[in-house]
Amino acid sequence: MTTLHTSYDEAVADVADGSTVLVGGFGMAGMPVELIDALIRQGATDLTVVSNNAGNGETGLAALLAAKRVRKMVCSFPRQSDSWVFDGLYRAGDIELEVVPQGNLAERMRAAGAGIGAFFCPTGVGTPLAEGKEVREIDGRTYVLEYPIRGDVALIGAHVADRMGNLVYRKTARNFGPVMATAATTTIAQVSRVVDVGGLDPEVIVTPSIYVDRVVCPA
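Just so it is clear, the model here is predicted, and its values are computed rather than measured.

Draft legend 1. Representation of the sheet that holds strand 9 (residues 151–157) within the structure. Here eight strands make up an open sheet; going across it, the order is 1-14-12-9-2-3-4-5 and the pairing parallel. Lying at the two open borders of the sheet, with one neighbouring strand each, are strand 1 (3–5) and strand 5 (96–99). On average, adjacent strands in this sheet sit at an angle of 20° to one another, irrespective of strand direction. Sheet contacts for helix 2 (residues 33–42): strand 2 (20–23), strand 3 (47–50), strand 9, strand 12 (184–190) and strand 14 (214–216); angle to strand 12, the most-contacted strand, approximately 115°.

Following this line, the structure appears as structure tokens:
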């Protein structure tokens with residue numbers, strides 16, 4: 001059952017050291033900045049973070065990295081013009097990195113949510129990303145075996161929730177949030193507002209409440 005919260009700190013209070021945390025966002029679009037800030041205040045450390053990139057500037061995910069709470073980063077785009085926090089940590093040997101192509105990243109989380117044990121994908125064949133992985137030829141094409149990515153916690157940003165925890169997103173903020181919600185043991189969503197049950201058109205609900213454990217919206 002989904003619970004409603006007005007406190008970001010309360011929502012992340014039980015995130016444990018060593019957790020795998022799925023963090024939504026495509027750059028800053030859809031990034032749950034307030035939940036990340038609360039996680040920094042909470043103090044959990046030795047985290048493995050799965051996200052599209054490795055942080056922007058010094059806010060959101062970059063701030064979590066700067067606080068040195070992250071042991072390993074799993075992402076598609078670790079380097080960009082404003083990823084200096086991650087760059088510094090990586091060059092100093094203070095953080096591990098696993099690069100996953102963006103489509104594979106999304107599909108590996110979707111597989112976790114769908115109960116799929118593994119899948120074959122052509123992306124990465126013949127590159128260092130395929131080293132050590134099972135390779136198979138199917139119908140004349142070479143594929144690499146990929147395994148699901150599961151999270152202990154997913155922190156996602158949505159636009160509107162109803163009191164049951166059903167979620168809708170706004171434009172490109174609907175990126176990794178939907179698949180992350182299905183792939184985590186505990187999904188925590190920050191939203192702009194909460195409406196009564198029946199206030200959302202069922203046809204536009206993207207993430208059903210069955211995948212959402214906590215919704216946070218400031219009073």
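Draft legend 2. Highlighting helix 4 (residues 84–91). Looking at helix 4, one finds that the buried residues are Val85, Phe86, Asp87 and Leu89. Close packing links the buried residues of helix 4 with helix 3 (61–66), strand 4 (70–75) and strand 5. Directly beyond the C-terminal end of helix 4, a positive phi value near 75° is found at Gly93.

Draft legend 3. Molecular detail of the sheet that holds strand 13 (residues 193–195). Within the open sheet, the three strands sit side by side as 11-10-13. Their pairing is mixed. With partners counted over all chains shown, the strands left at the sheet margins are strand 11 (167–168) and strand 13, one partner each. In the sheet, strand 10 (residues 160–162) pairs with strand 11 via two bridges, with the strands oriented antiparallel. When the sheet's bridge partners are listed, Val160 is paired in strand 11 with Val168.

Draft legend 4. Geometry of unusual backbone geometry. For Asp46, which is not glycine, the phi torsion reads 60° and is therefore positive. Tracing the chain through its elements places Asp46 in the loop between helix 2 and strand 3. Its identity as a non-glycine residue notwithstanding, Lys171 has a phi of 50°, on the positive side. Along the polypeptide, Lys171 turns up in the loop between strand 11 and helix 6 (177–183).

Draft legend 5. Fine view of the pairing of strand 5. When strand 4 meets strand 5, the two strands line up parallel, connected through four bridges. Bridging from a neighbouring strand, Val74 pairs with Glu98 of strand 5. Note on the crossover from strand 4 through helix 4 to strand 5: the handedness is right-handed.

Draft legend 6. Fine view of the packing of aromatic side chains. Summed over all chains, the structure comprises one aromatic pair. Taking 5.6 Å as the distance between ring centres and 20° as the angle between the ring planes, the aromatic pair formed by Phe86 and Tyr90 counts as stacked. Linking Phe86 with Tyr90, this pair stays in helix 4, spanning four residues, or about one helical turn. Phe86 gets classed as buried once you look at its relative accessible area, which sits at 2%.

The rules behind each value
- Residues numbered from 1 in each chain as written.
- Predicted model: local features only at pLDDT ≥ 70, side-chain atom pairs only at ≥ 80, totals over all residues.
- Heavy atoms only, no water.
- Pairing = 2+ DSSP bridges.
- Helix = DSSP H or I, 4+ residues; strand = E, 2+ residues; numbered from the N terminus.
- Axes fitted to C-alpha atoms, helices over the stretch in contact; angles between N-to-C directions.
- Contact = heavy atoms within 4.5 Å.
- Buried < 20%, exposed > 50% of the residue type's maximum accessible area, 1.4 Å probe, protein only.
- Right-handed = clockwise from strand over helix to strand, strands pointing away.
- Phe/Tyr/Trp six-rings, centres within 6.5 Å; stacked < 30°, edge-to-face > 60°.

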